[in-house]
Amino acid sequence: MNQLTTDFRDFVLAQEIPGCTITLVDDEHITLTTEKAVGQVNFYSFEDMPEVIELSIVDIDSPDDPKFFLHFELVDLDHAKELFDEMAQVLQEQDLFGTTRVLLCCTSGLTTAMFANRLTEIAQAINLDYVFDAMPLAQAERSGNDYDAILLAPQVGYQRAAVSETFPDVPVVEIPAKVFASYNAGEALKLVLHVLSDSTVFSTTDETDLRVVRDLKNDATILVVSAVALERSSWIGWRIYQRGEVVSHGSVNKSVHHPSDVVDLISTLHLKGWNPSELDAIGIAVPGVVNEGTIADAGRRIFDYDLGETLEKRYGTKVFVDNNANAAAVGCYVSQDTYDTLVLYAQQTGNLYPGQGIVVDGRLLKGRKNFAGETGPLFTAIHGTDGVKRLYDQTWTQEGMRSIISPILAADTSLIAPDAIFVAVDLLDDMDALHDEVAEYFTDKQDRSSSYIPDLIRVTDYRERIALGEFALCLQKLRDHHPTHA
């Protein structure tokens, strides 16, 4: 065991994690035990390679369902400490293990008590381990931190900002008035699931029925890594394509997103036997503005991270890096042959800033420094500089999402005139209602029902679109590098 490994092992053993017992099993294994979970830090040695660290967490009651799993080469002590800190954070996130508790608040607690009982009944009927309690908002200050989410009745919804400030680590959401007034517990439960989990648009089984239907003949072997930063977690998936077929796949989950996680994942695949130097290309799709392999994502404090060059130097393989919404747009294009000009619009519940990818006549629109599709300035122009605070609550309801999205889609229609807009927004399942709101921006009533408005198509497999699109982009870039092989 080298000095770097010894330093990291000593760092782990010296940590004090509330409710967690840290035990040195032997020089190569450390366990971390809490009431509901078991974590492991394992050390592996290989000839002519840095030490490899494995971090993992499993639920004691469901040992086959890993909550955290990651390998990485130990080459930087500070980076290793950051990864361990993420693992320690997951160990303490009680909502990942056991019963999920949700608090409903109104002025007296009487109306929410009946609503909470109804929600608990529905959750039990579909085998969800959720419990809903109710109390007056004035009493919530003493126990709010004991819950995984707080739902406010419309009567006290105006206090959402204050409640969020009191409980910064607990999601606080106002129940839409028409949902609460009609005791529509099904819609309220759907809202809770969106708040507390990665919703359907952004979920995946790592397998897909999506196929390339465009003419993309190839005999290449390509590793595709795609990342999606969610509201409460980060997901990184990988697929290895041989002659267009997926021969291996998998994914990891983390609490935060950083491009260095992609480096760690590829190192893990290398250790499992996939030699990156034998691949024709590595394709990577990540959040942020991507220009010549360099990533900038100010919201996550990532500036000029040169992921492409880092990996090319390490493995000697061509590495192509793209924005994940751009890759998803290409995925929408290559998986059908009806629309040649399209927009992919993606937005998560609770997130004001969407991502867009644009394909015009079969070619991805990148623009100056690959900035095409970035909606921040457009959002500010439409909603004003105070839009973040003013519109945040609307991102938790279908009506609110439509009011945020429709002017942006109207602008897309005016500037690009796409054949279709593919909408990856988990809360929106009614494309006809969205069409009607977009139509309101047409001043001529005759135009509102005309063919100017593109087809609006709901996307329920956003991650799969990213992977397929990045694969197609890699094929295109390989042909551009070797035009005689086209």
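Residues numbered from 1 in each chain as written. Predicted model: local features only at pLDDT ≥ 70, side-chain atom pairs only at ≥ 80, totals over all residues. Heavy atoms only, no water.

Asks: Would you explain the overall build of the chain in this entry?
Replies: Of the regular secondary structure elements, the chain holds 15 helices and 22 strands. Counting the 486 residues in the chain, one finds 52% classified as buried. By sequence separation, contacts in the chain at least 24 residues apart represent 63% of the contacts at least 6 residues apart. Surface summary for the chain: the accessible area is close to 22300 Å², and the carbon and sulfur share equals 47%. (Helix = DSSP H or I, 4+ residues; strand = E, 2+ residues; numbered from the N terminus. Buried < 20%, exposed > 50% of the residue type's maximum accessible area, 1.4 Å probe, protein only. Contact = heavy atoms within 4.5 Å. Areas by Shrake-Rupley, 256 points an atom, 1.4 Å probe, with all protein chains shown as cover.)

Asks: When you look at the sheet that holds strand β8 (residues 149–152) in this model, what are you seeing that I'm missing?
Replies: Remark on secondary structure: sheet strands pair via backbone hydrogen bonds, oriented parallel or antiparallel. Strand order in the open sheet formed by four strands is β7-β6-β8-β9, with parallel pairing between adjacent strands. At either margin of the open sheet sits one strand with a lone partner, and together these are β7 (130–136) and β9 (172–174). Here the strands of the sheet are splayed against their neighbours by 25° on average, with no regard to which way each runs. By the bridge criterion, four bridges tie strand β6 (residues 100–106) to β8 in an arrangement that is parallel. Counted as the bridge partner of Leu 103 is Ile 150 from β8. Against the sheet, helix α3 (residues 110–125) makes contact with β6 and β7, and its axis sits at roughly 180° relative to β7, the strand it touches most. (Pairing = 2+ DSSP bridges. Axes fitted to C-alpha atoms, helices over the stretch in contact; angles between N-to-C directions.)

Asks: Could you clarify how one ought to interpret the packing of aromatic side chains in this entry?
Replies: Within this structure, the stated rule accounts for ten aromatic pairs. Ring geometry for Phe 180 against Tyr 183: centres 6.2 Å apart, planes inclined by 35°, an arrangement best described as tilted. You can call Phe 180 buried: its relative accessible area is 7%. Relative to Phe 422, the ring of Tyr 339 lies with its centre 6.1 Å away and its plane at 85°, an arrangement referred to as edge-to-face. Of the two residues, Tyr 339 is situated in the loop between α9 (324–334) and β18 (342–347) and Phe 422 in strand β21 (residues 420–425); the sequence distance between them amounts to 83 residues. Put simply, the rings of Phe 8, Phe 11, Phe 43, Phe 72 and Phe 84 touch in pairs and so form one group of aromatic residues. Positioned over the ring face of Tyr 147 is Arg 101, at 4.4 Å from the centre of the ring. (Phe/Tyr/Trp six-rings, centres within 6.5 Å; stacked < 30°, edge-to-face > 60°. Lys NZ or Arg CZ within 6 Å of the ring centre and 35° of its normal.)

Asks: What is the right way to look at the nonpolar core in this model?
Replies: The nonpolar side chains of soluble globular proteins are, as a tendency, buried together. Core analysis: the largest hydrophobic core is formed by 39 residues, its most contacted members being Ile 222, Leu 342, Leu 344, Phe 422 and Tyr 462. For this core, the elements supplying multiple residues, two or more each, are β10 (221–229), β11 (234–242), β13 (281–286), α9, β18, β21 and α15 (462–481). In terms of residue count, α15 provides more of this core than any other element does, ten residues in total. (Core = buried A, V, L, I, M, F, W, Y, C linked by side-chain atoms within 4.5 Å.)

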